[in-house]
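A structural walkthrough
For reference, the chains in residue letters:
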Amino acid sequence: MEWSIEYYSPEIEANILGLPEGLLSRYFRLTDLMIEFGANLGMPHTKPIENGLFELRVKSKEGIARVFFCTKVGKRIIMLHVFIKKTQKIPKKELILAKKRMLEVIK
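Quantities reported herein were computed from a predicted structural model and do not represent experimental measurements.

Side note on the layout of surface pockets
Empty space within the largest pocket amounts to approximately 190 Å³. Lining the largest pocket, in full, are Pro44, Arg57, Val58, Lys59, Ile64, Arg66, Lys85, Lys86, Thr87 and Gln88. Those elements that provide at least two residues to the lining of the largest pocket are strand S3 (53–60) and strand S4 (63–72). Considering each element in turn, the lining of the largest pocket owes the most residues, three residues, to S3. Across the lining of the largest pocket, the residue classes tally to three nonpolar, two polar and five charged.

In structure tokens:
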């Protein structure tokens, strides 16, 4: 059984599909790998954040994007939040929002 990708909301899916072309292409490549091999691709592609929250690290010439996700039973990957990274550290508000959504999803 392969893994599946789901989205927290249609808005999150639209935000991801609205990424610049190079980032979107890289996102699709990485999610294809996740479907085939599982959620944990390892660095530099995925990184555990804390307590079941992970980030998908998407990079291209247009910049850097991060997509927070979690996993659920049944090989389901839930994309929770996406943002364009502009600083070295993850902005607190982005992390708080992703954690809040993860708690809603895993109940």
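Digging into the pairing of strand S2 (residues 46–50)
Two strands pair when backbone bridges link them, and S2 and S3 are joined in this way by four bridges, in the antiparallel orientation. Within S3, the residue paired with Lys47 across the bridge is Glu55. Connecting S2 to the antiparallel partner S3 that follows it, the hairpin turn spans two residues, and Asn51 within it adopts a positive phi of roughly 45 degrees.

Description of the packing of aromatic side chains
A complete count under the given rule lists three aromatic pairs for this structure. Measuring from ring centre to ring centre gives 5.4 Å for Phe54 and Phe69, while their planes differ by 20 degrees; the resulting arrangement is stacked. Within this pair, whereas Phe54 is found in strand S3, its partner Phe69 is found in strand S4, the two being separated by 15 residues in sequence.

Quick look at the sheet that holds strand S5 (residues 76–85)
Within a sheet, each strand pairs with its neighbour through backbone hydrogen bonds, oriented either parallel or antiparallel. Strand order in the open sheet formed by five strands is S1-S5-S4-S3-S2, and the pairing between neighbours is mixed. A single partner strand is all that each edge strand has here, and the edge strands are strand S1 (4–7) and S2. Neighbour to neighbour, the strand axes of the sheet diverge by 35 degrees on average, direction disregarded. Sheet topology places S1 next to S5; four bridges connect them, and they run parallel. Paired with Ser4 across the bridge in S5 is Arg76. On top of the sheet, helix H3 (residues 92–106) reaches S2, S3, S4 and S5; it is set at about 165 degrees to S5, its chief contact.

Structural notes on unusual backbone geometry
Omega for the peptide link from Met43 to Pro44 comes to 5 degrees, which places this bond in the cis form. Unlike most non-glycine residues, Asn51 shows phi in positive territory, near 45 degrees. Residue placement: Asn51 occurs in the loop between S2 and S3.

As for the nonpolar core
Counting residues in each nonpolar core, the largest one holds 19 residues, and the members touching the most others are Ile16, Tyr27, Leu56, Phe69 and Met79. The element that contributes the greatest number of residues to this core is helix H2 (residues 21–37), accounting for six residues. Once residues lying within four places of it in the same chain are set aside, the contact partners of Tyr27 are Ile5, Tyr7, Ile16, Leu56, Val58, Val67 and Met79. Leu53, Ile78, Leu80 and Met102 belong to the second largest nonpolar core, which has ten residues in total.

Cut-offs used in this document
Residues numbered from 1 in each chain as written. Predicted model: local features only at pLDDT ≥ 70, side-chain atom pairs only at ≥ 80, totals over all residues. Heavy atoms only, no water. 1 Å grid on protein atoms, 1.4 Å probe; cavity = no way out; pocket = protein on both sides within 12 Å on 5 of 7 lines; lining within 4 Å. Points joined across faces, edges and corners; volume = space filled by probe spheres on them. Helix = DSSP H or I, 4+ residues; strand = E, 2+ residues; numbered from the N terminus. Nonpolar A, V, L, I, M, F, W, Y, C, P; charged D, E, K, R; others polar. Pairing = 2+ DSSP bridges. Phe/Tyr/Trp six-rings, centres within 6.5 Å; stacked < 30°, edge-to-face > 60°. Axes fitted to C-alpha atoms, helices over the stretch in contact; angles between N-to-C directions. Contact = heavy atoms within 4.5 Å. Core = buried A, V, L, I, M, F, W, Y, C linked by side-chain atoms within 4.5 Å. Buried < 20%, exposed > 50% of the residue type's maximum accessible area, 1.4 Å probe, protein only.

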